[in-house]
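The residues making up each chain are set out below.
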Amino acid sequence: MKAWSKRMPDRKDSESSSSSSGDDDHTLANDLVVTKYGMAADIVNATLKAVIAEIKEGVEVGYLCDFGDKMLTEKTAKIFKKEKDLQKGIAMPTCISIDNTICHFSPLRSDPPVKLEKGQLVKIDLGAHVDGFIATAAHSVVVGASADNKVDEKRSNLLKGAYDALEIAIRSLRPGTKNTDITTNIGKVADQYGVKAIENMVSHQLERNKIDGEKQIVQNPGEKLKGEVEKSTVEVHEVYAIDVLFTTGEGKARDLDTRTTVFKKADEVVYQLKMKASRVFLSDAIGKAGSMPFTLRAFEDEVRAKMGVVECERHGLMRPYQVLYEKEGESVAQFKATVLVLPNGLLKIAGLPLDVNILSTTAKLEDAVLISKLNEALKPKKKKETKKSDKEAEDKHTKQEHANVNSVTSLWKHRGST
């Protein structure tokens, strides 16, 4: 999740990476593309669960970030071993943001240790890619919370509201839906739970090698931004990372000068770096991450990495993922999921369910339209009676897409073994 910024034209995918699949169709109409998205999602979900299991009182945030990144790297390394040119790995380094920290906190090994305390609200954000096809997810937990030690009412309402907003936004990703309508739904859910959506945070369309794709859904756009957000509609065969961040505070993100450690190469910018350290850093960063976000913690020599990134960022070669904050004393919850828009329905491939048994929620949805949307099935049920001619046309059009959905649970496992 990044704060909104004006888009700049990117280079073509062919300039930044190559595929060993030999197929120019990089959309969900290609069965192998669905397979690769699914493989990345499997890795993300497994890693997210493992990191959550490690969240306990006294555990260091740096350890959790290293744990998550190591698992993402090891799991992606085990697939497509024979295809040496196929790129795979981390698409979003593990970030652990606590309480009023909104996002992108991923400390360096040389930074002072930050240890978790009982009762803190912890957000975990991470992602993986296979051949440039990205899956990301984020989840929020409270340290020490259980069915016998439930989360307090205020933060329970925050967590439930954010999660319901995510699920409603996902179910709003029907072909033809306007991005502004999804923005409106997210805001309505926040109002009903008595919380605020963090201003100007963005959910992105995912494209091959692009974690911040062409289409955007901005939650709670500020007054200056409302007229600048490019309007778009959801289309079949698109992929989205729906990212919802709610707060008990006023919803204003602040930069408190915490060191930025997560960056992404800006492919559209060309500049001849003056310092050798900067040129070496840029080359190493491209070698490690390509066009994906990365953390300075991934470099063996953190001092040189910190030196090298300065000139790169100053001249726009690196885009920073700033650590942002809500007001002290407030809490922020985040839930993110990766969703495929297929002709026969929606498929949520990355993202975990909320454990409502640990919550003491008092607020709830009252809006009948939102309740109906929340209860919608991701894939509409087939009509029992269909005319033969209509059915034949439907079968011809959707046969491949049904195979795609089945691929998410079976096909990628077979192909991944290669």
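So, here is what we can say about the structure in this document. Being a predicted model, the structure only gives us computed values, none of them experimental. (Residues numbered from 1 in each chain as written. Predicted model: local features only at pLDDT ≥ 70, side-chain atom pairs only at ≥ 80, totals over all residues. Heavy atoms only, no water.)

## Thoughts on the environment of I198
Here I198 lies in the loop between β5 (196-197) and β6 (201-206). Look at I198 and you get buried, because its relative accessible area is 0%. In sequence terms I198 and T248 are 50 residues apart; their C-alpha atoms lie 9.7 Å from each other. (Helix = DSSP H or I, 4+ residues; strand = E, 2+ residues; numbered from the N terminus. Buried < 20%, exposed > 50% of the residue type's maximum accessible area, 1.4 Å probe, protein only.)

## As for the packing of helix α4 (residues 153-171) against helix α5 (residues 179-192)
Where α4 meets α5, the axes come as close as 9 Å, and the angle between the chain directions of the two elements is 155 degrees. Taken as axis vectors, α4 and α5 run roughly antiparallel relative to one another. The crossing of α4 and α5 is right-handed. On α5, the residues that touch G161, D164, A165, I168 and A169 of α4 are I182, N185, I186 and V189. (Axes fitted to C-alpha atoms, helices over the stretch in contact; angles between N-to-C directions. Parallel < 35°, antiparallel > 145°, perpendicular 65-115°, else oblique. Left-handed = near helix turned anticlockwise from the far one by under 90°. Contact = heavy atoms within 4.5 Å.)

## So, the nonpolar core
In globular proteins that are soluble, nonpolar side chains generally tend to be buried together. If you look at the biggest cluster of nonpolar residues, it comprises 53 residues, and the most contacted ones within it are I124 and L340. If you list the elements that add at least two residues to this core, you get α2 (31-54), α3 (61-77), β1 (88-98), β3 (121-130), β4 (133-142), β8 (239-247), β14 (332-342) and β15 (345-350). Counting residues per element, this core draws most heavily on α2, which supplies 10 residues. In terms of nonpolar packing, the next biggest core, distinct from the first, is built from 38 residues, A169, I170, Y240 and V244 among them. (Core = buried A, V, L, I, M, F, W, Y, C linked by side-chain atoms within 4.5 Å.)

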